[in-house]
Amino acid sequence: MTQFPGFPHRGFPEGWFSVGWSDEFKSGAIEYRRYFGIDLVLFRTESGRLVASSAYCPHMGARLDVGGKISGECITCPFHRWQWTADGDNANIPYADKTVNAKLRTYPVKESAGIVWFWNSWRSEEPTSDAPDCDFVMSEEYFHDPVASRRLWSNVRLVPQMVAENIVDGPHTEFVHLADEGAHIANIEIDGTVFLSELDQTYRSGKGPIKGKSFNYSYGVGTQLSKMQFGDYRVVNILSTTPIEEDRCDMRATIFIGLPVEIEQPRSAAYLPPKLQKLIKSHLDSQEQDLPIWETMIYEPKPLLVGEEIRGHVKMRKWAKQFYEA
Ligand code: FES
Ligand SMILES: [Fe+2]
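I will try to describe carefully the structure that is included in this document. (Residues numbered from 1 in each chain as written. Chains lettered and ligands numbered in written order. Predicted model: local features only at pLDDT ≥ 70, side-chain atom pairs only at ≥ 80, totals over all residues. Heavy atoms only, no water.)

### A look at unusual backbone geometry
Consideration 1: Unlike most non-glycine residues, Phe 36 shows phi in positive territory, near 55 degrees.
Consideration 2: As for its position among the elements, Phe 36 is in the loop between strand S2 (30-35) and strand S3 (38-44). (Helix = DSSP H or I, 4+ residues; strand = E, 2+ residues; numbered from the N terminus.)

### Things to note about the pattern of salt bridges
Consideration 1: Tallying each qualifying case throughout the model produces 19 salt bridges.
Consideration 2: Close ionic contact of Arg 151 with Asp 285 constitutes a salt bridge, the shortest N to O distance being 2.9 Å. Separated by 134 residues along the polypeptide, Arg 151 in strand S13 (residues 150-156) and Asp 285 in helix H3 (residues 274-288) bring together distant segments of the chain.
Consideration 3: Judged by relative accessible area, Asp 285 falls into the partly exposed class, the value being 24%.
Consideration 4: Put simply, Lys 281 and Asp 285 hold a salt bridge, and the shortest N to O gap is 2.7 Å. (Salt bridge = Lys/Arg side-chain N within 4 Å of Asp/Glu carboxyl O. Buried < 20%, exposed > 50% of the residue type's maximum accessible area, 1.4 Å probe, protein only.)

### Side note on the packing of aromatic side chains
Consideration 1: A complete count under the given rule lists 13 aromatic pairs for this structure.
Consideration 2: Here Trp 16 and Trp 119 contribute two aromatic rings whose centre-to-centre distance is 5.6 Å and whose plane-to-plane angle is 55 degrees, an arrangement assigned as tilted. With a gap of 103 residues between them, Trp 16 in strand S1 (residues 15-21) and Trp 119 in strand S11 (residues 115-120) connect regions that are remote in the sequence. Like Trp 16, the residue Trp 119 is buried in the burial classification.
Consideration 3: A ring pair is formed by Phe 230 and Tyr 233, whose centres lie 5.6 Å apart and whose planes are at 50 degrees; its orientation type is tilted.
Consideration 4: Residue classification places Phe 230 among the buried residues on the basis of a relative accessible area of 5%.
Consideration 5: Taking NZ or CZ as reference, Lys 227 lies 4.6 Å from the ring centre of Phe 136, over its face. (Phe/Tyr/Trp six-rings, centres within 6.5 Å; stacked < 30°, edge-to-face > 60°. Lys NZ or Arg CZ within 6 Å of the ring centre and 35° of its normal.)

### Topic: the coordination of the iron ion (ligand 2)
Consideration 1: The protein atoms that coordinate the iron ion (ligand 2) are Asn 166 (OD1), His 172 (NE2), His 177 (NE2), Asp 290 (OD) and Asp 290 (OD), at distances of 1.9 to 2.4 Å.
Consideration 2: Going along the chain, you hit the donors of the iron ion (ligand 2) in the pattern N-x5-H-x4-H-x112-D. Placement of His 177 in the loop between helix H2 (172-175) and strand S14 (181-191) and of Asp 290 in the loop between H3 and helix H4 (291-294) is noted, with a sequence separation of 113 residues between them. (Donors = N, O, S within 2.8 Å, 3.2 Å for Na, K, Ca; no water.)

### Description of the pairing of strand S16 (residues 210-219)
Consideration 1: Strand direction decides the pairing type here: strand S15 (residues 194-203) and S16, joined by 10 bridges, are antiparallel. Considered in S16, the bridge of Tyr 203 is made with Ile 210.
Consideration 2: Between S15 and S16, which pair antiparallel and follow one another directly, the connecting turn spans six residues, one of which, Gly 208, has a positive phi of 100 degrees.
Consideration 3: With eight bridges joining them, S16 and strand S17 (residues 223-230) adopt antiparallel strand pairing. Within S17, the residue paired with Ser 218 across the bridge is Gln 224.
Consideration 4: Between S16 and the antiparallel strand that follows it, S17, lie three residues; Gly 220 among them carries a positive phi value of about 60 degrees. (Pairing = 2+ DSSP bridges.)

Written out as structure tokens, the structure is:
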């Protein structure tokens, strides 16, 4: 496996990682995904339960999404029609009297804020931390459009920790994201697997610079939930980076905007006032601005840090070590 140049850790970090948006997984459908160097399928049973499992049937190794079917709460393999339950137990063999005591490997998944979270760990099959706490964005106060408020960047060359380190990197906001001046770290708090950086930021707007604040929570290294407030605007950005291989990831941004009280929940983003449509687009665009840098840089394990950079980067790198085996 190709290690990212300079990155000091091997393997995949532990934590909850986004493997898609809930509405990509329709009841009765089986979707193939490759993450963490594993071929996976995600399927939704007829009752609506979402399941992640190995893509390969334990009988003779057929790929379950290639001709497989969902029947009730089970997945049926295309090759010899063995059936497996949502918990991975063998439920039926059409040409045998008894089932076998074998397991289709399944993985913990959760859904919140319309995002599917997958537990990856090198030490514990059961989750040892909570999935990102993002249910609050489902309230009527927030708006999200399943098309206009999301963006996926597939198979990009980076490791999740580089994206996590962005939340303590104040100076780059001026040079990469065209903030009016670099952000400053007002506070850092660490609570187990959650790292919070509170930034004082100056956002650009049509009316000139606006001072604001952002609260950026990194859930493990794979997800950064940012709550931003500037002027009358409130924006929540959930940015999630999921390894495919050691040096390649899918990155997903999901934006929720706080609706001003006078605006009723619109049917889609096209019904929002233009300035709010622009707000969504500019936040998605800003996620893209780091990509040419990440995709071509090396990871510097001993960076030359100055001034405000020192506190944030040293704390984050020390905190992040807990997610790796080596
Ligand atoms: S390989 Fe799946 S039933 Fe035989
Ligand atoms: Fe950035």
